[in-house]
2 protein chains.
Amino acid sequence: MAERTYAIIGAGALGGYYGGRLAHAGVETHFLLRSDYEHVRRHGMTVESTDGGFQLPRVSACPRMQDMPPCDVVLLTAKTTANAHLIPQLPAVVKPDGVVVVLQNGLGVEDAVAAVVGAERVAGGLCFLCSNRVAPGHIRHSDYGLITLGDYAPGGELRGITERIRAIGGDLESAGIPIALREDLYSARWHKLVWNVPFNGLAVLLNTETDQIMHDPAARRLAEDLMWEVVAGAKAVGKTIAPEFVEKMMRDTENMKPYSPSMYLDYRAGNPMEIETMYANPLRAAREAGVELPRIESIYRQLAFLDKQR
Amino acid sequence: MAERTYAIIGAGALGGYYGGRLAHAGVETHFLLRSDYEHVRRHGMTVESTDGGFQLPRVSACPRMQDMPPCDVVLLTAKTTANAHLIPQLPAVVKPDGVVVVLQNGLGVEDAVAAVVGAERVAGGLCFLCSNRVAPGHIRHSDYGLITLGDYAPGGELRGITERIRAIGGDLESAGIPIALREDLYSARWHKLVWNVPFNGLAVLLNTETDQIMHDPAARRLAEDLMWEVVAGAKAVGKTIAPEFVEKMMRDTENMKPYSPSMYLDYRAGNPMEIETMYANPLRAAREAGVELPRIESIYRQLAFLDKQR
């Protein structure tokens, strides 16, 4: 069993699933909960999963970060739209030699966390997971689950695959979570944007799912053009994305079942959209490197309008 | 009274108003009508207008172009979305020495008409008009009315202010329609796109009116960026739009009452949108001149998707 203790900041579809697996495996895990706090405190959590479900009758649930014990590993799993509220409170929950692992969408969150807890206490990861919170304290995991983990260094520098990231990966793998380790987290984040930038935004703006976008020549072409702009942005900041990767993303989406990207779910539920980390931050990074991404910028400004209309 | 006879191809909000004014002034005017044909044939037309309304108890209404007498002047006033159907039939309704005046939105319709009736029988105009068809044969004109007329020559060349365009302008002015004559119709069309491209598309995509676009920093910035892309497109084809014109369009829109652009009305009514002439043709013209307009292209592809979803 892991000697490391874990804090889950945001126990929704993602944090509830991964944190639930850790707790189920016997790892000391503390959950920050907001709306589900009372329910989970009394009744625990339920995780349905295609990989085998389970109950957690007793869960260490906390309504505020200041009530949580400082932990070795803090998994930041909330939506990035809560970051302005959450990040300033992180120092209370991470041990002096602990680490905050940013498991969120988009770009630039590690930098924001580093500014508060110090760059040496930051790592990050990308989650490839289909999971929903179907009721208070009730998570339904329907597919996938891989976390791609990498350590963080400012400015997109490589820190290598560190001992601590191996150890955290080991804890998660022992809990039944598939893990891949990456030396270059920043490059991995840009790669993930290749899919996220076109399909999250277009699903919202066209009020549709991935299959309709792929079946319409105009929308499909725009999706691919947006992918190439992500490639151009990555290149501007020194990260290479192979053309074959774009082709694979298009092919994979073509072959996928109709899918609602997370931003589309947020939009339809009337929740804030993760446009700052998914659009504004990549645009800013590319612009600072001297490259404009006009199609992405256009999509971003449209989304910013819709986000304010809520 | 004019010795010229007129055909109005598409007697809706625009053609019904202008054609109605001509007929009211005693000009021989024949109207092509589709859904309103039976009503107008029996009951004539009603024009309400801030400049003075009138009734036309008897109207020369025709259900098909082949039933119309060949005329000296053919005003093409239908939506451009009907052009694929209408333009091939134009030769039947224009006299050998007559002229088709394209009073439609966007770019490139004169070229399409010229390909069918010959370049020497084409002119064009831009209408600045607030008018609605409120019931069959019933037009409500609420503001403005200026037609900017210009003669046509292929490739955006100047044909000057010709005798015939002066004569047509005279007929329209005698009927109470304000007229401006322009030597450079193609440049005038690009100028008009400076407003039409941002506000038509964004109203549809953001499901809103002009005032909301102007009040939101992100949407307003995108609108202005789209204007600058129109300026770049115009420059690519050899037409200069002064920066002050963009600033004026922004200022004018800021000071306007909340306004629904025509494409937004079409979209909400479930009608086809004029995206080919307003977006695809300017994009093509710029591209042939070696210039990409990525923001406009992004808007265009989204609109093309929505147009197909009808």
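Residues numbered from 1 in each chain as written. Chains lettered and ligands numbered in written order. Predicted model: local features only at pLDDT ≥ 70, side-chain atom pairs only at ≥ 80, totals over all residues. Heavy atoms only, no water.

A.B. asks: What should I look at first to understand helix H5 (residues 163-174) of chain B in this one?
C.D. replies: The periodicity of an α-helix, 3.6 residues per turn, causes residues three or four places apart in sequence to face the same way. Residue and element names in this part refer to chain B. Given a rise of 1.5 Å per residue, 12 residues ought to cover 16 Å, and the 16 Å separating the end C-alpha atoms of H5 matches this to within 8%. Those residues of H5 that fall on the buried side of the exposure criterion are Ile165, Ile168, Gly169, Asp171 and Leu172. Along the axis of H5, the buried positions cluster into a sector of 155°, meaning they face one direction only. Exposed side chains of H5 directed beyond 90 degrees from the buried face belong to Glu163 and Ser174. Trailing H5 by a residue or two, Gly176 shows a phi angle of about 95°, which is positive. (Helix = DSSP H or I, 4+ residues; strand = E, 2+ residues; numbered from the N terminus. Expected span 1.5 Å × (residues − 1). Buried < 20%, exposed > 50% of the residue type's maximum accessible area, 1.4 Å probe, protein only. Arc of directions from axis to C-beta.)

A.B. asks: How should the pattern of salt bridges be read in this particular structure?
C.D. replies: Two side chains carrying opposite charge are able to pair once their charged atoms lie near each other. Residue and element names in this part refer to chain A. Counted according to the given criterion, the structure contains 53 salt bridges over all chains. Note that Asp72 and Lys95 form a salt bridge whose closest N and O atoms lie 3.3 Å from each other. Taken together, the positions of Asp72 in strand S6 (residues 71-76) and Lys95 in strand S7 (residues 94-102) put the pair 23 residues apart, joining distant regions of the chain. Taking the relative accessible area as the measure of exposure, Lys95 reaches 27% and is therefore partly exposed. The closest approach of N and O atoms between Asp225 and Arg221, which form a salt bridge, is 3.3 Å. Pair noted here: Asp225 and Arg221 are both in helix H8 (residues 217-236), with a separation of four residues, about one helical turn. Among the residues examined, Asp225 registers a relative accessible area of 13% and is labelled buried. (Salt bridge = Lys/Arg side-chain N within 4 Å of Asp/Glu carboxyl O.)

A.B. asks: Would you mind showing me how to read the interface of chain B and chain A here?
C.D. replies: A common way to state how big an interface is: give the accessible area lost once the parts meet. Taken residue by residue, the interface counts 25 residues in chain B and 25 residues in chain A. Between chain B and chain A lies a buried interface of about 2100 Å² when both sides are counted; carbon and sulfur atoms form 59% of it. Remark: the boundary between chain B and chain A carries six salt bridges. Arg295 of chain A is the salt-bridge partner of Glu297 of chain B, the closest N and O atoms lying 3.0 Å from each other. Taken together, chain B and chain A are joined by three residue pairs in polar contact (both at pLDDT 80 or more). (Contact = heavy atoms within 4.5 Å. Buried area = accessible area lost by both parts, 1.4 Å probe. Polar contact = N/O pair within 3.5 Å; in protein donor to acceptor, adjacent residues only side chain to side chain.)

A.B. asks: What is the right way to read the packing of H8 of chain A against helix H12 (residues 294-309) of chain A from this model?
C.D. replies: Packed helices, taken two at a time, are described by their axes: the angle between them and the distance between them. Residue and element names in this part refer to chain A. It is at 8 Å that the axes of H8 and H12 come closest, and there the two elements cross at 115°. Between H8 and H12, the crossing angle belongs to the class labelled roughly perpendicular. Note on element contacts: H12 touches H8 through Pro294, Arg295, Ile296 and Ile299, opposite Leu222, Asp225, Leu226, Glu229 and Val230. (Axes fitted to C-alpha atoms, helices over the stretch in contact; angles between N-to-C directions. Parallel < 35°, antiparallel > 145°, perpendicular 65-115°, else oblique.)

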